[in-house]
Amino acid sequence: MTTMLHRFFGRSQTSLSSAPSMELRKSVARSATSPSVHGGLPDRVVNPAELPLWQNNRTATTGDIPMNQQDRRVAAVLDCGKDGHLLLFAPSATTGRVLAGLEARLGALGVVYTRCATTVEVLEIVYDNQAVPSTAAETKSDLSEGAMAPLLDVLLRKAHDLNASDIHIEVGPTRTCIQMRVHGDLQVVRHLSLLKGMALSRHIFVNANSSGVDFKPEHFQDAKISKTLSIDGEVVNLELRFADMPTWPAGHDVTLRVLRTGIGTAQSIDSLGYDSAQQAAIERMLQTSTGVIVMCGSTGSGKSTTLGSIIQALSDRHGGRKKIRTIEDPPELILPGRQTPIVRDTDGTSRGFAAALRGAMRGDPDIIMIGEVRDNETGELAMDATMTGHKVLTTVHGGSVFDAVDRLIKKGFDRSVLFAEGTLSGVIYQTLLPVLCQECCMPLSQVRMGLQNGLNERLRRSYSGDLEDLRFRGPGCDACGFNPIVGRTVAAAFLIPDRNLRQLLLNNDRFAAEEYWRTHDWSGIYAANGKTVLDQALTKMAAGLISPVDIEARVAPIDSQDAREPARFQARVVG
Ligand SMILES: [Zn+2]
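Residues numbered from 1 in each chain as written. Predicted model: local features only at pLDDT ≥ 70, side-chain atom pairs only at ≥ 80, totals over all residues. Heavy atoms only, no water.

> Mind laying out the overall build of the chain, listing which residues take part and the relevant values?
Of regular secondary structure, the chain possesses 21 helices and 18 strands. Taken across its 575 residues, the chain has 50% of its residues classed as buried. Within the chain, contacts between residues separated by at least 24 positions form 67% of all contacts whose residues are at least 6 apart in sequence. (Helix = DSSP H or I, 4+ residues; strand = E, 2+ residues; numbered from the N terminus. Buried < 20%, exposed > 50% of the residue type's maximum accessible area, 1.4 Å probe, protein only. Contact = heavy atoms within 4.5 Å.)

Printed below as a string of structure tokens:
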């Protein structure tokens, strides 16, 4: 593995402790080529989000193979016109028997089909769809408030089970499609009739604790909703952000952002996917009692999760001897509230975020977490807090570690203060990438549909290791509950300023600072410097943890490293 990484990157890299062993790889490859309980491998996996597309492509439902009610629970055949037929199946005790019968019938009819492993939910959607257009049959009681509350409850439980970050309710001209964002991707979970979708949207809005306004789907409307669910005897507090907007030519979209709040234990820093140099860098940032730690990344980049873990670590370390104050709007961190006197100043609307921060500063804190430096007032207050000897944690928007420092300066931080010794503890820019189920992920030779959009060529051009060592999304298996993505891992870039970097940034020479950061031979306490998000993503790709397809979707084209980093490219050619 190490040799391969050397060949690929042209310099030494910290290898991942969690990388799957070659033994595991071999056993996966063996099990993937042997016959499964379903009588053979699926040709591809059904992404539920693709289903509506397929159904639009279907020529006629008469092309489907009729099946009895029992068999419909585990299998479906869809006629997709020129794309041939799809044989969908979900795992169950009867799947093998039902499939054997179906395949014999399809064979006798001379039908060309593709086998697709899927879930019971997707099959429900397939069969539900045929019933959805008959809205005329819905009675008043189907659409009443009394019917909507249990429906919302079911959806929220589903969102909790899937650990979904958002629920999308798309009320279209003919039907309503409900999707959930899980590990960063949308999944279709249910279809409803048009009227039911409208009734559900109205129910959620009028029951919001802060609105008191009538629901007008043709307007842009927002609301906040607090929900408490009891799941397996555990109380789960959900904070929902409701945003509705009209869509063209008819209908409207509701987005429900799902925030889990409350008191609990945050994930430990070493479980988030940082390498050992990065963990050491975070550890060092926490050692000093002053200075500012900046997290940077887009929505869904896991920066709140990391901040929660950092606060947990600080709380564990100081055991109640330090006062931690957090100002968030919306409050979205699970915080260790019992051990440490943490005050959550969450009222971002009535008093204003800056006012909440000012209030927190008066409360004699040692450590202040500012959810986001969103305006100059907050930025200046954050700088004051840093200069008066507090430890400050915060987030900013931006596309790199250098964007983050630029943003802080634009939002009121004085350049000479920020780059004085001891002010900037460090900057972390990160994104989250889906982790493949190691039981069913597939090597390139088993990706039967092939790689799209020239990825194959880009990999051959830029990856000098064995392409068969890479892994792609598998069909799903019992181990992952037929969801081949089992979680997410960070890909991060760190900026730990040394004297030279501070000098270059103080002189506002960003280009020279980036060159120095990228090309200097970093070691010791600065070892985390110099690696981009793409570098770390490629390391994890080489270890078979994440798919090249996901890197291209979320970070950058696989071969963009050299083009983006001319200095390194030249160094490699010369060397
Ligand atoms: Zn699996």
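On we go.
> Explain the environment of Pro-434 residue by residue, including any values.
Within the secondary structure, Pro-434 sits in strand 17 (residues 424-436). On the basis of relative accessible area, Pro-434 is assigned to the buried category, the value being 0%. As a C-alpha pair, Pro-434 and Ile-485 span 51 residues in sequence and 6.1 Å in three-dimensional space. Those residues in contact with Pro-434, other than ones at most four positions away along the chain, are Arg-473, Ile-485, Gly-487, Arg-488, Leu-545, Ile-546, Asp-550 and Arg-554.

> Break down the packing of aromatic side chains for me, with residues and values.
To describe a pair of aromatic rings, you give the distance between the ring centres and the angle between the ring planes. Inspection of every chain in the model, using the stated rule, returns seven aromatic pairs. Arranged with centres 6.1 Å apart and planes meeting at 80°, the rings of Phe-215 and Phe-242 form a pair that is edge-to-face. Highlighted residues: Phe-215 in the loop between helix 8 (194-206) and strand 8 (221-231) and Phe-242 in strand 9 (residues 234-246), separated in sequence by 27 residues. In terms of burial, Phe-215 and Phe-242 fall into one category: buried. Both rings, one in Tyr-516 and one in Trp-522, keep their centres 5.2 Å apart while their planes meet at 70°; by these two values the pair is edge-to-face. The pair formed by Tyr-516 and Trp-522 is uniform in burial state, with each residue classed as buried. (Phe/Tyr/Trp six-rings, centres within 6.5 Å; stacked < 30°, edge-to-face > 60°.)

> Could you give an account of the coordination of the zinc ion, with specific residues and numbers?
Distances from the zinc ion to its protein donors, Cys-437 (SG), Cys-440 (SG), Cys-477 (SG) and Cys-480 (SG), fall at 2.3 to 2.4 Å. Coordination at the zinc ion is tetrahedral, judged from the four donor atoms that bind it and the angles of 106 to 113° they form at the metal. Taken in chain order, the donor set of the zinc ion reads C-x2-C-x36-C-x2-C. Just as Cys-477 is buried, Cys-480 falls in that class too. (Donors = N, O, S within 2.8 Å, 3.2 Å for Na, K, Ca; no water. Tetrahedral: all angles 85-135°; square planar, octahedral: opposite > 155°, others 65-115°.)

> So what's going on with helix 13 (residues 401-410)? Which residues, and what values?
Taken together, the buried positions of helix 13 are occupied by Val-401, Phe-402, Ala-404, Val-405, Leu-408 and Ile-409. Looking straight down helix 13, one finds its buried side chains confined to an arc of 155°; they lie on one side. By the N-cap criterion, in which a side-chain oxygen at the helix start approaches the backbone nitrogen of a residue two or three places on, helix 13 is capped by Ser-400, the distance to Phe-402 being 3.2 Å. (Arc of directions from axis to C-beta. Polar contact = N/O pair within 3.5 Å; in protein donor to acceptor, adjacent residues only side chain to side chain.)

> Give me the packing of helix 9 (residues 276-287) against helix 10 (residues 303-318): which residues, what numbers.
For any two helices packed against each other, one specifies the crossing angle of their axes together with the interaxial distance. Between helix 9 and helix 10, whose axes approach to 11 Å, the crossing angle comes to 55°. Considering the angle they form, helix 9 stands oblique to helix 10. Note that helix 9 runs across helix 10; the crossing there is right-handed. Mapping the contact onto sequence places Ile-282, Glu-283, Leu-286 and Gln-287 in helix 9 and Ile-310, Ala-313, Leu-314 and Arg-317 in helix 10. Considering only residue class, the contact of helix 9 with helix 10 consists of five nonpolar, one polar and two charged. (Axes fitted to C-alpha atoms, helices over the stretch in contact; angles between N-to-C directions. Parallel < 35°, antiparallel > 145°, perpendicular 65-115°, else oblique. Left-handed = near helix turned anticlockwise from the far one by under 90°. Nonpolar A, V, L, I, M, F, W, Y, C, P; charged D, E, K, R; others polar.)

> Which residues make up the packing of helix 16 (residues 499-506) against helix 17 (residues 510-519), and what values go with them?
With their axes 8 Å apart at the nearest point, helix 16 and helix 17 run at an angle of 160° to one another. Between helix 16 and helix 17, the interaxial angle falls into the category roughly antiparallel. Remark: the crossing between helix 16 and helix 17 carries left-handed chirality. Contact with helix 16, carried on its side by Asn-500, Leu-501, Leu-504 and Leu-505, involves Ala-512, Ala-513, Tyr-516 and Trp-517 of helix 17 and no other residues of that element. A per-class count over the contact of helix 16 with helix 17 returns seven nonpolar, one polar and no charged.

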